[in-house]
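# Tertiary structure, described
The residues making up each chain are set out below.
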Amino acid sequence: MKALVYHGPGKKSWEEAGRPVLQAPTDAIVKILKTTICGTDLHILKGDVPEVTDGRILGHEGIGIIEATGAAVSNFKKGDRVLISCISSCGKCEYCKTGMYSHCVNGGWILGHLIDGTQAEYVRIPFADNSLYHIPPGSDDEAIVMLSDILPTGFECGVLNGQVKPGDTVAIVGAGPIGLAVLLTARFYTPSHIIMIDIDDNRLGVAKQFGATYCINSRKEDAVKRIFELTGNTGVDVAVEAVGLPVTFELCESIIAPGGRIANVGVHGKPVSLHLEKLWAQNITITTRLVDTVTTPMLLKTVTAGKLEPAKLITHRFRLSDIMNAYETFGNAEREKSLKVILSNE
């Protein structure tokens, strides 16, 4: 089969790879129908995730058709159309029993990280019964792909960890796909204002279309000054970091109101300064999280009911075999005006 293979920082290729086989009775083999590229994949290619080794097939999102199942798999059979979760869960360990699937001692985020991932014609899914979801008939396949990672990540790591509630003023730093997923799902809780901060006018325009109250281009104006103007000099109740850079996390520290919550979503590859000399008496909460995907069933219902429209995040479509060009487009988002890309193996 063909797959997108990582060969060290800055190096990747579309090449022949061994077709996956069942390794455990809880495994399933899935033929990929559609997949996508995540910002985390770009962090891997920058060398920010050193656990990813030369020869690894990247990707942790997608939908497909079951090709084979291990003897212990009871919820799925050959021919079933499935959503692949970015998190693999054994369902039995201490962390899984508390709903912290991201830290499953046997799984967690392993696809495209510690085991071969979904940017390939076929993929092996461990713990299939707990790590796959049936796709309801008549669903929009492209919208369903957004449920593999970005929607539950934005919702769990940003909205739930940020404890967004009615009337809050929320700032989202980063208007990429994850930041926009935070925006879409924050609206469940009717905050009074959602402020989007980015350096890309195109992405800020999309955020405005999706319901942002105010948009700030921090390349063109002083974002901190503008935030305090908009909030009566108090700051925001919730600041969501959705980029993964020191400067964007420190921006969140600068705009948070007393008693506020900073929710980190971004993948950080470098140290960040924590300004306790300013924040020690401010009664703020800082949260970090790797998505657990505990909200995927609920989000799947909202998407299939048409209450949430994540397909609006998709800007470009490619054949899976054209994945190298897809990476070029996704990695140059400002130039290409790209958000999420869809790769089809059909």
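The notes below deal with the structure included here. (Residues numbered from 1 in each chain as written. Predicted model: local features only at pLDDT ≥ 70, side-chain atom pairs only at ≥ 80, totals over all residues. Heavy atoms only, no water.)

## Describing the side chain of S88
For clarity, the cut-off: Per the convention used, a helix needs a DSSP run of H or I reaching at least four residues, while a strand needs a run of E reaching at least two, with both numbered from the N terminus. Note on definitions: a residue-residue contact is assigned when non-hydrogen atoms from the two residues lie within 4.5 Å.
Mapping S88 onto the fold places it in the loop between β5 (81–84) and α2 (94–97). Among all residues touching S88, those that are not within four sequence positions of it are Y101, C104, G107, G108, I110, L111, P126 and S131.

## Quick look at the sheet that holds strand β8 (residues 169–173)
The condition is simple: Two strands pair under a simple rule: DSSP has to find at least two bridges between them. Here, axes are lines fitted to C-alpha atoms. For helices the fit covers the stretch in contact, and angles between N-to-C directions go from 0 to 180 degrees.
With parallel pairing, six strands are arranged side by side in an open sheet as β10-β9-β8-β11-β12-β13. At either end of the open sheet lies a strand with only one pairing partner, and these are β10 (214–217) and β13 (285–287). Going from strand to strand, the sheet's axes swing by 15° on average, the running direction of each strand aside. Where strand β12 (residues 256–264) lies against β13, three bridges are found, and the strand directions are parallel. Its bridge partner being in β13, A263 is matched across the sheet by T287. Sheet contacts for helix α6 (residues 177–186): β8, β9 (193–198) and β11 (236–241); angle to β9, the most-contacted strand, approximately 175°. Relative to the sheet, helix α8 (residues 223–230) contacts β8, β9, β10 and β11, its axis offset from that of β10 by approximately 160°.

## Details of the side chain of D292
Convention followed: Identification of polar contacts relies on pairs of N or O atoms within 3.5 Å, with a donor-acceptor requirement for protein atoms, meaning one able to donate a hydrogen and the other able to accept it, and with residues adjacent in sequence counted only if both atoms are side-chain atoms.
Topologically, D292 is positioned in the loop between β13 and α11 (296–304). A polar contact of 3.3 Å, which involves the side chain of D292, links it to the backbone nitrogen of Y101. Those residues in contact with D292, other than ones at most four positions away along the chain, are I87, G99, M100, Y101, S102 and E156.

## Quick notes on the packing of helix α5 (residues 150–160) against α6
The packing of two helices is summarised by the inter-axis angle and the distance between the axes. For clarity, the cut-off: An angle below 35 degrees is read as roughly parallel, one above 145 as roughly antiparallel, one from 65 to 115 as roughly perpendicular, and any other as oblique. Left-handed describes a crossing whose near helix is turned anticlockwise from the far helix through less than a right angle; right-handed describes the clockwise counterpart. Each residue is assigned to one of three groups, with Ala, Val, Leu, Ile, Met, Phe, Trp, Tyr, Cys and Pro labelled nonpolar, Asp, Glu, Lys and Arg labelled charged, and all others, Gly among them, labelled polar.
Direction vectors running N to C along α5 and α6 enclose 70°, while the axes themselves pass 8 Å from each other. For the element pair α5 / α6, the angle class is roughly perpendicular. Crossing hand, α5 versus α6: right-handed. Along the contact surface, α5 presents I150, L151, T153, G154, F155, G158 and V159, while α6 presents P177, I178, A181, V182, T185 and A186. Split by residue class, the contact of α5 with α6 holds nine nonpolar, four polar and no charged.

## What about the pattern of salt bridges?
Applicable threshold: Salt bridge, as used here, is a side-chain nitrogen of Lys or Arg placed within 4 Å of a carboxyl oxygen of Asp or Glu. The buried label applies to any residue whose accessible area, calculated with a 1.4 Å probe on protein chains only, is under 20% of its type's maximum; exposed applies above 50%, and partly exposed to all values in between.
Summed over all chains, the structure comprises 17 salt bridges. Residue E61 pairs with K340 through a salt bridge whose shortest N-O separation is 3.5 Å. Of this pair, E61 sits in the loop between α1 (39–46) and β4 (62–69) while K340 sits in strand β15 (residues 340–344), and the two are 279 residues apart along the sequence. In this structure, E61 and K340 share a single accessibility class: buried. With its nearest N and O atoms 3.1 Å apart, the salt bridge here joins E334 to R219. Of this pair, E334 sits in helix α13 (residues 333–336) while R219 sits in the loop between β10 and α8; the two residues are 115 residues apart in sequence, bridging distant segments of the chain. The partly exposed category is assigned to E334, whose relative accessible area is 40%. Each of E156, R289 and D292 takes part in one network of salt bridges that share partners.

## Structural notes on the nonpolar core
The line we're drawing: What is meant by a nonpolar core is a set of buried Ala, Val, Leu, Ile, Met, Phe, Trp, Tyr and Cys residues, joined one to another through side-chain atoms within 4.5 Å.
The biggest cluster of nonpolar side chains holds 67 residues, and the ones touching the most others in it are L180, L183 and M196. Among the nonpolar cores identified, the runner-up in size contains 16 residues, and I195, I197, V236 and L251 belong to it.

## Description of the environment of S131
Assignment of secondary structure puts S131 in helix α3 (residues 128–131). Sequence-wise, S131 and S88 are 43 residues apart; in three dimensions their C-alpha atoms are separated by 5.1 Å. The residues contacting S131, other than those within four sequence positions of it, are L83, I84, S85, I87, S88, S89, I125 and P126.

## Thoughts on the packing of aromatic side chains
What characterises a pair of aromatic rings is the spacing of the ring centres plus the angle enclosed by the ring planes. Stated precisely, the cut-off is as follows: In summary, the pairing rule links any two rings of Phe, Tyr or Trp, Trp by its six-membered ring, whose centres are within 6.5 Å, and it sorts them by plane angle into stacked for under 30 degrees, edge-to-face for over 60 and tilted for everything else.
With the rule as written, the count across this model stands at two aromatic pairs. Taking the centre distance of 5.6 Å and the plane angle of 75° together, the rings of F155 and F188 count as edge-to-face. On the criterion of sequence distance, the pair formed by F155 in helix α5 and F188 in the loop between α6 and β9 is long-range, its members being 33 residues apart. The class of F155 is buried, set by a relative accessible area of 2%.

## Structural notes on the pairing of β12
Note the following rule: For the handedness criterion, the strands are oriented away from the viewer, and a crossover whose path from the first strand over the helix to the second runs clockwise is classed as right-handed.
Most of β12 is tucked away: seven of the nine residues are buried. Summarising the sheet, β11 and β12 pair through five bridges and their orientation is parallel. Of the residues in β12, the one forming a bridge with V236 is I256. Once you follow β11 into helix α9 (residues 246–255) and on to β12, the crossover reads as right-handed.

## Quick word on α8
Three- or four-residue spacings in an α-helix give side chains the same orientation, since the helix completes a turn every 3.6 residues. Its side-chain oxygen placed 3.1 Å from the backbone nitrogen of V224, D222 serves as the N-cap of α8. A positive phi of about 65° marks G232, the residue just after α8.

## Brief notes about the pairing of β9
Burial analysis of β9 places five of its six residues in the buried class, the great majority of the element. Assessed by its sense of winding, the connection that carries the chain from β8 through α6 to β9 is right-handed. Here β9 runs beside β10; their pairing, made up of four bridges, is parallel. Paired with M196 across the strands is C215, a residue of β10. After leaving β9, the chain enters helix α7 (residues 201–210) and then returns to the sheet as β10, a path that is right-handed.

Limitation: the analysis is restricted to geometry and does not speak to function.
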